[in-house]
Amino acid sequence: MKNSTVHVWGHGTPRTMRVYWALHEFDMDFTMHRIRTRTSDMDAPEFLSVSPGKKIPAIEHGELRLRESAAITDYLFRLAGRVPDSPQIAAQIEQWSCFTLMEIDATALYVLRRHRDLPNLYGEAPAACTSAEEYYERQMAVVAAALDDGREYLVGDELTKADIILVSCIDWARMYKLSVPQSALNYRERLNARPAYQAAFAVNYPGP
Ligand SMILES: N[C@@H](CCC(=O)N[C@@H](CS)C(=O)NCC(=O)O)C(=O)O
């Protein structure tokens, strides 16, 4: 099972990047199904059977079908045997993962995605966009303060899913030309240099 291929649906977004990055970190075999968000690709019956809500990323591994980028990333770490050493480390990984997913991804960046990039679907909402940007800055300052000590990883002395989730959001913020404090930029630069990140980037963003 551990060595059987992981089928992955979706590419081209910061959320799908999380999955490819984890797969490359652990040198896992995977089969890519090229589904792009909000295209007719998403109507393929095979994709819908794995992701009935038409969301990417999704994976299938043996009998397991899984959605949600954070749950998939967590699964891949566990599959690779990378489980936290203690309840304290596990709790901090969860804290940063939940914080980044809820306060930076869902509440800030995805609001901008919906109302700035896709107003034809979700409506114009300038006030929501302005407050999402302000909210992003306040929450990113929390991240930056933690990273001010120059640590390589958010928690402990090795890469965790919290780093993958956070770096994907910093990348996303840069795509949106939002300001990123220097300590977070330095942290991102170190992790972007990892061979697994670069290999995943090439797969996730293959170009036109
Ligand atoms: N919480 C989900 C979000 C998944 C998500 O929203 N994916 C986007 C692309 S990044 C998507 O599939 N959008 C299609 C749609 O909403 O119709 C995760 O982290 O996997």
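Residues numbered from 1 in each chain as written. Predicted model: local features only at pLDDT ≥ 70, side-chain atom pairs only at ≥ 80, totals over all residues.

**Quick look at the overall build of the protein chain**
Across its full length, the protein chain carries nine helices and four strands. Secondary structure of the protein chain in N-to-C order comes out as β-α-β-α-β-β-α-α-α-α-α-α-α. For 208 residues, the compact-globule estimate of 2.2 N^0.38 gives 17 Å, and the C-alpha radius of gyration of the protein chain, at 17 Å, lies within 12% of that figure. Seen along its three principal axes, the alpha-carbon backbone of the protein chain occupies a region of about 45 × 40 × 30 Å. Put simply, the protein chain has 208 residues, and 33% of those count as buried. When contacts within the protein chain are restricted to residue pairs at least 6 apart in sequence, those whose partners lie at least 24 apart make up 70%. (Helix = DSSP H or I, 4+ residues; strand = E, 2+ residues; numbered from the N terminus. Rg over C-alpha atoms; globule rule 2.2 N^0.38 Å. Buried ≥ 20, exposed ≤ 12 C-beta atoms within 10 Å, placed from the backbone. Contact = placed C-beta atoms within 7 Å.)

**Re the site of the ligand**
In the neighbourhood of the ligand, the contacting residues comprise Thr 13, Arg 15, Thr 37, Arg 38, Lys 54, Lys 55, Ile 56, Pro 57, Glu 68, Ser 69 and Ala 70. Here the shell around the ligand is built from residues that sort into three nonpolar, three polar and five charged. (Near = placed C-beta within 6 Å. Nonpolar A, V, L, I, M, F, W, Y, C, P; charged D, E, K, R; others polar.)

**So, the domain arrangement of the protein chain**
For the protein chain, the domain assignment lists domain 1 (6-82 + 197-204) and domain 2 (87-194). In this complex, domain 1 contributes 11 residues to the contact, which on the side of domain 2 involves 13 residues. Elements that contribute at least two residues to the side of domain 1 that touches domain 2 include exactly α1 (14-25) and α3 (69-79). Split into classes, the residues belonging to the side of domain 1 that touches domain 2 amount to seven nonpolar, one polar and three charged. (Domains from an automatic or database assignment.)

**What about the packing of helix α4 (residues 87-117) against helix α7 (residues 161-175)?**
Put simply, α4 and α7 touch, their axes get as near as 8 Å, and they point 20° apart. Considered as vectors, α4 and α7 are oriented roughly parallel to each other. Considering the relative orientation of α4 and α7, their crossing is left-handed. For the pair formed by α4 and α7, the contact residues are Ile 93, Trp 96, Ser 97, Thr 100, Leu 101, Ile 104, Asp 105 and Leu 109 on the first element and Lys 161, Ala 162, Ile 165, Leu 166, Cys 169, Trp 172 and Ala 173 on the second. (Axes fitted to C-alpha atoms, helices over the stretch in contact; angles between N-to-C directions. Parallel < 35°, antiparallel > 145°, perpendicular 65-115°, else oblique. Left-handed = near helix turned anticlockwise from the far one by under 90°.)

**What to know about the sheet that holds strand β2 (residues 30-33)**
With respect to topology, four strands assemble into an open sheet ordered β2-β1-β3-β4, the strand pairing being mixed. Whereas interior strands pair on both sides, the edge strands pair on one side only; in this sheet they are β2 and β4 (64-67). Shown here is a sheet whose adjacent strand axes are inclined to one another by a mean of 20°, direction ignored. Here four bridges tie strand β1 (residues 6-9) to β2, and the two strands are oriented parallel to one another. Opposite His 7, over in β2, you have Thr 31 as the bridge partner. (Pairing = 2+ DSSP bridges.)

**A closer look at helix α9 (residues 195-204)**
The set of residues buried in α9 consists of Tyr 197, Ala 200 and Asn 204. End-on, the buried residues of α9 take up no more than an arc of 70°, which puts them together on one face. Opposite the packed face of α9, turned more than 90 degrees from it, sit the exposed residues Pro 195, Gln 198 and Ala 202. Looking at the packing, one finds that the buried side of α9 touches α1 and α8 (182-192). (Arc of directions from axis to C-beta.)

**Regarding the environment of Pro 206**
Within the secondary structure layout, Pro 206 lies in the segment after α9. A C-alpha to C-alpha distance of 14 Å links Pro 206 and Trp 21, two positions 185 residues apart in sequence.

**Focus: the environment of Leu 159**
Here Leu 159 is to be found in the loop between α6 (126-147) and α7. Overall, Leu 159 belongs to the buried group, with 22 C-beta atoms counted inside 10 Å. Taking the C-alpha atoms as reference, Leu 159 lies 33 Å from Asp 41; in sequence the two are 118 residues apart. Excluding its chain neighbours within four sequence positions, the residues that come into contact with Leu 159 are Glu 25 and Tyr 153.

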